[in-house]
Amino acid sequence: MSEGPNIVRVAALIGDNARAEVLSALMSGRAYTATELADTAGVTKQTISFHLGKLLEAALITVEKQGRHRYFMLAGPEVASLLESLMGLAFKNEDGSRFTGPRDPALRKARICYDHLAGELGVCVYEQMLQNGIFQQHSGGLDLTAHGRAWFLRLGIDTDALASSKRPLCRTCLDWSERRHHLAGALGSALLNRIQELGWAKQEKDSRVIAFSALGEKALWAMLTPQSTLTVSGQTFTSQRPVDIENIQTIQHT
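Residues numbered from 1 in each chain as written. Predicted model: local features only at pLDDT ≥ 70, side-chain atom pairs only at ≥ 80, totals over all residues. Heavy atoms only, no water.

A. Inspection of the overall build of the protein chain at higher detail. What the protein chain contains, in helices and strands, is 11 helices and 12 strands. For the protein chain, buried positions account for 43% of its 254 residues. When contacts within the protein chain are restricted to residue pairs at least 6 apart in sequence, those whose partners lie at least 24 apart make up 56%. Carbon and sulfur atoms make up 51% of the accessible area of the protein chain, which totals about 13800 Å². (Helix = DSSP H or I, 4+ residues; strand = E, 2+ residues; numbered from the N terminus. Buried < 20%, exposed > 50% of the residue type's maximum accessible area, 1.4 Å probe, protein only. Contact = heavy atoms within 4.5 Å. Areas by Shrake-Rupley, 256 points an atom, 1.4 Å probe, with all protein chains shown as cover.)

B. Quick peek at the packing of helix 2 (residues 17-26) against helix 3 (residues 34-41). For the pair helix 2 and helix 3, the least separation of the axes is 9 Å and the interaxial angle reads 120 degrees. Relative to helix 3, helix 2 is oriented so that their crossing is right-handed. On helix 3, the residues that touch Ala18, Glu21, Val22, Ala25 and Leu26 of helix 2 are Leu37, Thr40 and Ala41. Of the residues that constitute the contact of helix 2 with helix 3, the class distribution is 6 nonpolar, 1 polar and 1 charged. (Axes fitted to C-alpha atoms, helices over the stretch in contact; angles between N-to-C directions. Left-handed = near helix turned anticlockwise from the far one by under 90°. Nonpolar A, V, L, I, M, F, W, Y, C, P; charged D, E, K, R; others polar.)

C. Inspection of a nonpolar patch on the surface at higher detail. A surface patch of nonpolar side chains, amounting to about 240 Å² of accessible area, comprises Leu82, Leu86 and Leu89. You can see leucine 89 is positioned in helix 5 (residues 77-92). (Patch = residues over 30% accessible without salt bridge, like charges linked within 9 Å, V, L, I, M, F, W, Y side chains within 5 Å. Salt bridge = Lys/Arg side-chain N within 4 Å of Asp/Glu carboxyl O.)

D. Region of the structure containing the pattern of salt bridges. Under the counting rule described, the total for this entry stands at 7 salt bridges. Between arginine 111 and aspartate 175 there is a salt bridge, and its shortest N-O distance comes to 2.9 Å. With arginine 111 in strand 3 (residues 111-113) and aspartate 175 in the loop between strand 7 (171-174) and strand 8 (181-184), this residue pair connects regions lying 64 residues apart in the sequence. Residue classification places arginine 111 among the buried positions, given a relative accessible area of 1%. Judged by relative accessible area, which is 0%, aspartate 175 ranks as buried. Each of Glu127, Glu178 and Arg180 takes part in a single network of salt bridges with overlapping partners.

E. Geometry of the nonpolar core. Within the largest apolar cluster, 33 residues are counted, with the highest numbers of intra-cluster contacts made by Met129, Phe135, Trp151, Phe152, Leu191 and Phe212. Those elements that place two or more of their residues in this core are helix 7 (119-132), strand 6 (141-144), helix 8 (146-154), helix 10 (185-197), strand 10 (210-212) and helix 11 (214-224). Once residues lying within four places of it in the same chain are set aside, the contact partners of tryptophan 151 are Met129, Ile134, Leu191, Met223 and Leu224. Leu37, Ala58, Leu74 and Tyr114 belong to the second largest nonpolar core, which has 30 residues in total. (Core = buried A, V, L, I, M, F, W, Y, C linked by side-chain atoms within 4.5 Å.)

F. Fine view of the packing of aromatic side chains. One pass over the full model with this rule turns up 2 aromatic pairs. With a centroid separation of 5.0 Å and 90 degrees between ring planes, the pair formed by tryptophan 151 and phenylalanine 152 is classed as edge-to-face. Across the pair, phenylalanine 152 and tryptophan 151 agree in class, each one buried. By way of ring pairs, the aromatic residues Phe135, Trp151 and Phe152 are connected into one cluster. (Phe/Tyr/Trp six-rings, centres within 6.5 Å; stacked < 30°, edge-to-face > 60°.)

G. Layout of the side chain of arginine 19. When you line up the elements, arginine 19 lands in helix 2. Aspartate 16 provides the closest opposite charge to the buried, salt-bridge-free arginine 19, at an N-O distance of 4.3 Å. For arginine 19, the contacting residues outside a window of four places in its chain are Ala12, Leu13, Phe50, His51, Lys54 and Leu55. (Lys, Arg positive; Asp, Glu negative; His and termini not counted.)

H. Spatial organisation of the environment of proline 77. Following the sequence through the fold, proline 77 ends up in helix 5. Proline 77 sits in the buried class, given a relative accessible area of 16%. Not counting the four nearest positions on each side in its chain, proline 77 is found in contact with Tyr114, Arg167 and Arg171.

I. Examining the pairing of strand 6 more closely. Summarising the sheet, strand 5 (residues 135-138) and strand 6 pair through 4 bridges and their orientation is antiparallel. Paired with histidine 138 across the bridge in strand 6 is glycine 141. In this antiparallel pair of consecutive strands, strand 5 and strand 6, the connection spans 2 residues. (Pairing = 2+ DSSP bridges.)

J. How the structure looks around the environment of glutamate 21. Here glutamate 21 lies in helix 2. Note on glutamate 21: relative accessible area 42%, which makes it partly exposed. Separated by 16 residues in sequence, glutamate 21 and leucine 37 have C-alpha atoms that sit 8.3 Å apart. Ignoring anything within four residues of it in the chain, the contact list for glutamate 21 reads Thr40 and Ala41.

Listed below in structure tokens is the structure:
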């Protein structure tokens, strides 16, 4: 008998097709009703109730009652991180017959991973942050530098307030489509929220896609690469001088 926790039960729960569809839908970071999840999984309401009960029992999801409705969501970022890693393994083991729909390029470029930015853009943002000295990577994980605290404050994010929460301030999450890391943790969530507050991007309805406006993407890179040139998805962004958030007017997404 192997030592440590037995992963068989959790693996069996996630491995069911209907439950996998439910968990994948909840990776959008949104809460859904049982009826909506039944439609997503292609099963009856009675069947989805059984599956949701199993996921609740295993603490993979939570439920919140509001009025007559019950809303289901992922239990937390640890579950989202597990699912993102599994998606990476599944993508790696595809046999080449995978159907690429019209929304796939948008998902690969920028998507929400529970509550933080993932995809090509998420990875590039994190790597640029490392290059700029906003974070310092070491064998034990990731640390926010003094320069990083000042950078986030310029963007309107209070890192001290986030550090007082129980959630890890900053950590990495392996991106399943890019095979590189993006930023997660409390700062990853706060950054994506701030990007949307500023009108630089928004989450598409019923999708994990985070759609940036052209101006929003330029504004983000202006904050990250004030004196550099960087290319993302075939587009080159260049800024010749340091930029403060005060110098960037709120850009409404159109």
